[in-house]
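The primary structure of each chain is shown beneath.
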Amino acid sequence: MGQLDDYRLMARIRRFEERLTALKDAGEIPGSIHLCNGQEAIPVGACRALRDGDHVTATYRGHGWAIARGVDLAGLFAEMMGRDSALCGGRAASPYLSDPGRWFVGENSIVGAGVPIATGAALTAQRTGSGAVSVVSIGDGAMNQGNVHEALNLAAVLDLPLVLVVENNVYSEMSRISDMVRVKQLAERAAGYGLPARVVDGNDPDAVAEAVTEAVDRAREGSGPSIVEAMTERLVGHYSGDVQHYRPAGEIAAARQREPLARIRQAADADLTARLDAIDAEVAAEIETAVTAARAVPHPDPATAEEHVYV
Amino acid sequence: MSESLRYIQAVNAALTWALDSRTDTIYFGEDVALPGGPFGATKGLHKRFGSERIFDTPVSETGFLGMALGAAMTGLRPIAEIMYADFSFVAMDQIVNQIATIHYSSAGRWKAPLVIRMQQGYSPGACAQHSHSPEAYFAHTPGLRVALPATPDDAYQMLRTAVVSDDPVVVAEARMLYPTRGPVRTDAPVEPVGGARVVRPGTDVTVVAWSRMVSAALDAAGTLAEEGIDVEVVDLRWLNPLDFDTVAASVARTGRLVVAHEANLTGGFGAEIAARAATECFTDLRAPIARVAAPDVPMPAAPALQAVVVPEAATVADAVRRTVRA
């Protein structure tokens, strides 16, 4: 994959979420949404390291991971619109969706709770000898959750093929992570588990891909888990209604100069700019097609509300 | 074929069957492999099946229950052991928000075929944090099957049922029953989930019980028979799926209902049985429904205090007498 492919995938995630925001404003999305604007290089770079059969677990800020893993765009829109989508039939929506067909174990609305579950996917890979790895993404705030601590130690002692990607966007929900921990980098915590860790520029898909590939290779050869801390910035609020009064003046404007799509554009010559413009137009059309397809999906039949509680 | 086994031996036999007959089954928890479990439930399993199939975990209930879920979603059938039911509370997120929910929230696309095996209830001198009977929390949670075997045979049959179930199952045994001995049908076919059972027919009053309180109810029935009161005892066995038909049919015969559990009264599963009976058995009832339960106190450790808190056969007998005379 080259830079244009990365750009296309990151633009797809960005455009998806911009369109999602417009749909939310128009009343077509009933619930809360948590956007990953600015963080797109992390799932895009990380998923470059993966094969079919490798499981990905994310958080409620996980639209980028779903899209990078190839989950159907129309299905994602339909699910978030509360329609009877092929993903989760409208039972999960934006913060808890999943797709076994794309090995997407799914998002999770409980901070950190995906890490133990991803550890289980890694256990299956190890015990069945499938050669698969399990990649799990969390935010910086989740590093203070007990479930993450327990799962990391468990994965370490069992030498499981697990890769933890910490998306450090500096904010633990609506509080600065620097007020919530006494370490400079969350990767320092890895020493407590006897695990290797790296800190990378999370706005550079190549840097993310290189670090995650190293961790994935290590996991695949049976050498156990690793941690990759990817430094990034959130361009939007914690959730759709967050006015971000807690962020200092100019911080978001500065972040907009450093975010991954802007970076590629800033370095582009006229020829590349034209190609990026073309990609943007193609992505916009693709997103509109997906929205149209999603709107055609019916709402779930109320008579099915009690279906699927049990097998 | 029937063997005479202690309850804890029946658990061991069921786990041996599971690991032997299903290669996708794995077993983990605290001190279960090399130590063989604090009560001997997994004695000999590590030697026979090895670390690939049964292994010890760190003291991390949230971590390893979440791991059980992820493993179940991706192709294994894990059995995770919670040493004392009280310890499940530190992992309630994984049980309630994750394990119970994923099948529904994915419209059935992910399955979570796992077993959470635990033991519950008081024992002499055990403090409040080693004495809970938390079955009502699990029965309240949609998505979980809840099994409470009361006999060695059910310890064997219901655990095997749980292992082959495609839904997550909480199997809550009773530590106080572990030394009890009884016939176990080791060659019986695996039963489907659910099903209450009339374990003593009677005509005057129905006592619905589960877990340790089944034997207390049977003891009470023996005492009351000498007083001319004929008690029918229903072992509920599974709180989910709930076989209320068996309860309703019994109440239709006897016209009176007593529900007995060791868990404390308020919000206990007895309240659910009472509410269902008040709705579905209204015209059959000739007396108010009675509930036998521990009072609403954390379990005290001292035997002198436990003696007035823990419901026993005499507590059940008193409730039955009041109901019959009402």
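Residues numbered from 1 in each chain as written. Chains lettered and ligands numbered in written order. Predicted model: local features only at pLDDT ≥ 70, side-chain atom pairs only at ≥ 80, totals over all residues.

- The name that an unreviewed UniProt entry assigns to chain B is Acetoin dehydrogenase, with the source organism given as Micromonospora wenchangensis.
- Comment text from UniProt for chain B, heading Cofactor (unreviewed entry), reads "thiamine diphosphate". (UniProt positions renumbered as here; feature names shortened; annotations may be inferred.)

- For chain A, the name recorded in an unreviewed UniProt entry is Acetoin dehydrogenase, with Micromonospora wenchangensis as its organism.
- Taken from UniProt, the Cofactor (unreviewed entry) comment for chain A reads in full: "thiamine diphosphate".

Things to note about the overall build of chain B
Here's step 1: What chain B contains, in helices and strands, is 12 helices and 14 strands.
Here's step 2: Against the compact-globule benchmark of 20 Å for 326 residues, chain B has a radius of gyration of 19 Å, which places it among compact chains.
Here's step 3: For the C-alpha atoms alone, the extent of chain B along its principal axes is close to 60 × 45 × 40 Å.
Here's step 4: Taken over 326 residues, chain B has a buried fraction of 56%. (Helix = DSSP H or I, 4+ residues; strand = E, 2+ residues; numbered from the N terminus. Rg over C-alpha atoms; globule rule 2.2 N^0.38 Å. Buried ≥ 20, exposed ≤ 12 C-beta atoms within 10 Å, placed from the backbone.)

Overview of the overall build of chain A
Here's step 1: On a plain count of helices and strands, chain A comes out with 10 helices and 8 strands.
Here's step 2: At 19 Å, chain A has a C-alpha radius of gyration in line with the 19 Å of a compact globule built from 311 residues.
Here's step 3: Dimensions of chain A, computed from C-alpha atoms along their principal axes, come out at roughly 55 × 50 × 40 Å.
Here's step 4: Each of the 311 residues in chain A was classed as buried or not, and the buried ones make up 56%.
Here's step 5: Counted over contacts in chain A with a minimum sequence separation of 6, partners at least 24 positions apart contribute 74%. (Contact = placed C-beta atoms within 7 Å.)

Thoughts on the environment of B:Ala278
Here's step 1: If you trace the backbone, B:Ala278 turns up in helix α10 (residues 269–280).
Here's step 2: Sequence separation of B:Ala278 and B:Ala71 is 207 residues, and the distance between their C-alpha atoms is 42 Å.

Focus on unusual backbone geometry
Here's step 1: A cis geometry characterises the amide bond from B:Asn240 onward to B:Pro241, with omega recorded as 0 degrees.
Here's step 2: Within the secondary structure, B:Pro241 is located in the loop between β12 (238–240) and α9 (244–254).
Here's step 3: Of note in the backbone geometry, A:Asp159 takes a positive phi value of approximately 55 degrees without being a glycine.
Here's step 4: Counting through the fold element by element, A:Asp159 comes out in the loop between α6 (146–157) and β4 (162–168).
Here's step 5: Taking the number of C-beta atoms within 10 Å as the measure of exposure, A:Asp159 has 14 and is therefore partly exposed.

Looking at the domain arrangement of chain B
Residue and element names in this part refer to chain B.
Here's step 1: Partitioning chain B into structural domains gives domain 1 (3–184) and domain 2 (197–325).
Here's step 2: Taking only C-alpha atoms, the centre of domain 1 and the centre of domain 2 are 26 Å apart.
Here's step 3: A class-by-class count of the residues in the side of domain 1 that touches domain 2 yields 16 nonpolar, 4 polar and 3 charged. (Domains from an automatic or database assignment. Nonpolar A, V, L, I, M, F, W, Y, C, P; charged D, E, K, R; others polar.)

Concerning the pairing of strand β8 (residues 226–231) of chain A
Successive residues of a regular strand alternate their side chains across the two faces of the sheet.
Residue and element names in this part refer to chain A.
Here's step 1: With 6 of 6 residues buried, β8 is to be regarded as a mostly interior element.
Here's step 2: The alternating pattern of β8 places Ser226, Val228 and Ala230 and Ile227, Glu229 and Met231 on opposite faces, both of which are buried.
Here's step 3: Strand direction decides the pairing type here: β4 and β8, joined by 6 bridges, are parallel. Bridged to Val165 within β8 is Val228.
Here's step 4: In this structure, strand β7 (residues 197–201) lies alongside β8, joined through 5 bridges in parallel fashion. Paired with Val199 across the strands is Glu229, a residue of β8.
Here's step 5: The handedness of the β7 to β8 crossover, carried by helix α7 (residues 205–220), is right-handed. (Pairing = 2+ DSSP bridges. Right-handed = clockwise from strand over helix to strand, strands pointing away.)

Considering the interface of chain B and chain A
Here's step 1: Taken together, the contact between chain B and chain A spans 35 residues of the former and 32 residues of the latter.
Here's step 2: Of all the secondary structure elements, the ones that give two or more residues to the side of chain B that touches chain A are α3 (61–73), α4 (92–99) and α5 (102–105) of chain B.
Here's step 3: Considering every element that reaches the side of chain B that touches chain A, the biggest residue donor is α3(B), with 10 residues.
Here's step 4: The residue inventory of the side of chain B that touches chain A, partitioned by class, reads 13 nonpolar, 16 polar and 6 charged.

Concerning the sheet that holds strand β1 (residues 55–57) of chain A
Residues and elements named next belong to chain A.
Here's step 1: Ordered in space as β2-β1-β3-β4-β8-β7, the 6 strands form an open sheet in which the pairing is parallel. This sheet does not close on itself; its edge strands, each paired only once, are β2 (104–106) and β7. For this sheet the average axis-to-axis angle between neighbouring strands, irrespective of direction, equals 20 degrees.
Here's step 2: Pairing of strand β3 (residues 134–139) with β4, which is carried by 6 bridges, proceeds in the parallel orientation. By the bridge assignment, Val136 is partnered in β4 with Leu164.
Here's step 3: The strands that α7 touches are β4, β7 and β8; relative to β8, the one it contacts most, it runs at about 170 degrees. (Axes fitted to C-alpha atoms, helices over the stretch in contact; angles between N-to-C directions.)

Overview of the pairing of strand β5 (residues 115–120) of chain B
Residue and element names in this part refer to chain B.
Here's step 1: Among the 6 residues that make up β5, 6 are buried, leaving the element largely enclosed by the rest of the structure.
Here's step 2: The two faces of β5 match: Val115, Arg117 and Gln119 on one face and Ile116, Met118 and Gln120 on the other face are all buried.
Here's step 3: In the sheet, strand β4 (residues 77–82) pairs with β5 via 4 bridges, with the strands oriented parallel. Its bridge partner being in β5, Ala80 is matched across the sheet by Ile116.
Here's step 4: Judged from the 6 bridges that link them, β5 and strand β7 (residues 169–174) form a sheet pairing that is parallel. Within β7, the residue paired with Met118 across the bridge is Ala172.

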